[in-house]
Amino acid sequence: MSQTFRYSLLLIPLCFLVSLWLDVVFGVDIVPDGVLYDDTVEYTGDGIKPSGLIPTSLFNLFGIIAMIPGFFIGSIYTAYKKLWWWLGAYMLIGGLPVGIFSIAVFL
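The structure presented is a predicted model; accordingly, all values stated were derived computationally and were not measured. (Residues numbered from 1 in each chain as written. Predicted model: local features only at pLDDT ≥ 70, side-chain atom pairs only at ≥ 80, totals over all residues. Heavy atoms only, no water.)

A.B. asks: I tried to follow the packing of helix 1 (residues 3-24) against helix 2 (residues 56-80) on my own but got confused; where do I start?
C.D. replies: Helix-helix packing is described using two parameters, namely the angle between the two axes and the distance between the axes. Contact geometry for helix 1 and helix 2: axes closest at 8 Å, N-to-C directions at 125°. Our classification of the angle between helix 1 and helix 2 gives oblique. Note on packing geometry: the crossing formed by helix 1 with helix 2 is left-handed. Contacts between helix 1 and helix 2 involve R6, L10, I12, P13, F16, L17 and L20 on the former and, on the latter, F59, F62, G63, A66, M67, G70, F71, G74, Y77 and T78. Considered class by class, the residues forming the contact of helix 1 with helix 2 number 12 nonpolar, 4 polar and 1 charged. (Axes fitted to C-alpha atoms, helices over the stretch in contact; angles between N-to-C directions. Helix = DSSP H or I, 4+ residues; strand = E, 2+ residues; numbered from the N terminus. Parallel < 35°, antiparallel > 145°, perpendicular 65-115°, else oblique. Left-handed = near helix turned anticlockwise from the far one by under 90°. Contact = heavy atoms within 4.5 Å. Nonpolar A, V, L, I, M, F, W, Y, C, P; charged D, E, K, R; others polar.)

A.B. asks: Whenever I open this one, unusual backbone geometry confuses me. Can you help?
C.D. replies: Even without a glycine there, the phi angle at K82 is positive, about 60°. Mapped onto the secondary structure, K82 falls in the loop between helix 2 and helix 3 (84-106). Judged by its relative accessible area of 57%, K82 falls in the exposed class. (Buried < 20%, exposed > 50% of the residue type's maximum accessible area, 1.4 Å probe, protein only.)

A.B. asks: I keep staring at the packing of helix 1 against helix 3 and nothing clicks. Help me out?
C.D. replies: The interhelical angle for the contact between helix 1 and helix 3, taken along N-to-C directions, is 30°, at an axis separation of 10 Å. Here helix 1 lies roughly parallel to helix 3, going by the angle between them. At the point where helix 1 passes helix 3, the crossing takes the left-handed sense. Counting all contacts with helix 1, which are made through Y7, L10, L11, P13, L14, L17, V18 and W21, the residues of helix 3 involved are W86, A89, Y90, I93, G94 and P97. When its residues are assigned to classes, the contact of helix 1 with helix 3 shows 13 nonpolar, 1 polar and no charged.

A.B. asks: Can you help me understand the confidence of the model for the protein in this one?
C.D. replies: Parts of the prediction with low pLDDT should not have their coordinates interpreted in detail. Predicted confidence across the protein gives a mean pLDDT of 83, with 89% of residues reaching 70 or more. Within the protein, helix 1 carries the highest mean pLDDT (87), whereas strand 1 (residues 36-37) carries the lowest (76). (pLDDT = per-residue confidence, 0-100.)

Next comes the structure, spelled out in structure tokens:
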């Protein structure tokens with residue numbers, strides 16, 4: 001497997017985690033308007049039709065699939081291959097919020 005392809009696969013969960021950090025913690029939405037549309041509301045024809053490329057629920061599903069298993073697989077892979085910069089990025093961006101949340105819940 002080429003190094004560029006490997007690093008791009010390692011970058012996908014980090015991009016979703018950075019997007020989550022920016023949106024939840026800092027209030028910065030990096031997904032531009034018009035990309036997602038709300039598919040949880042039933043449109044009866046009297047309002048504006050939804051416009052966008054993909055529904056919000058599908059984007060959330062892809063985000064969950066990319067973040068949760070991708071975080072664990074990426075962390076294990078980077079530790080096994082001794083890619084310390086990547087492991088540090090995974091622990092800082094993904095592990096820090098999980099650790100803080102775990103401490104807050106269990107204390």
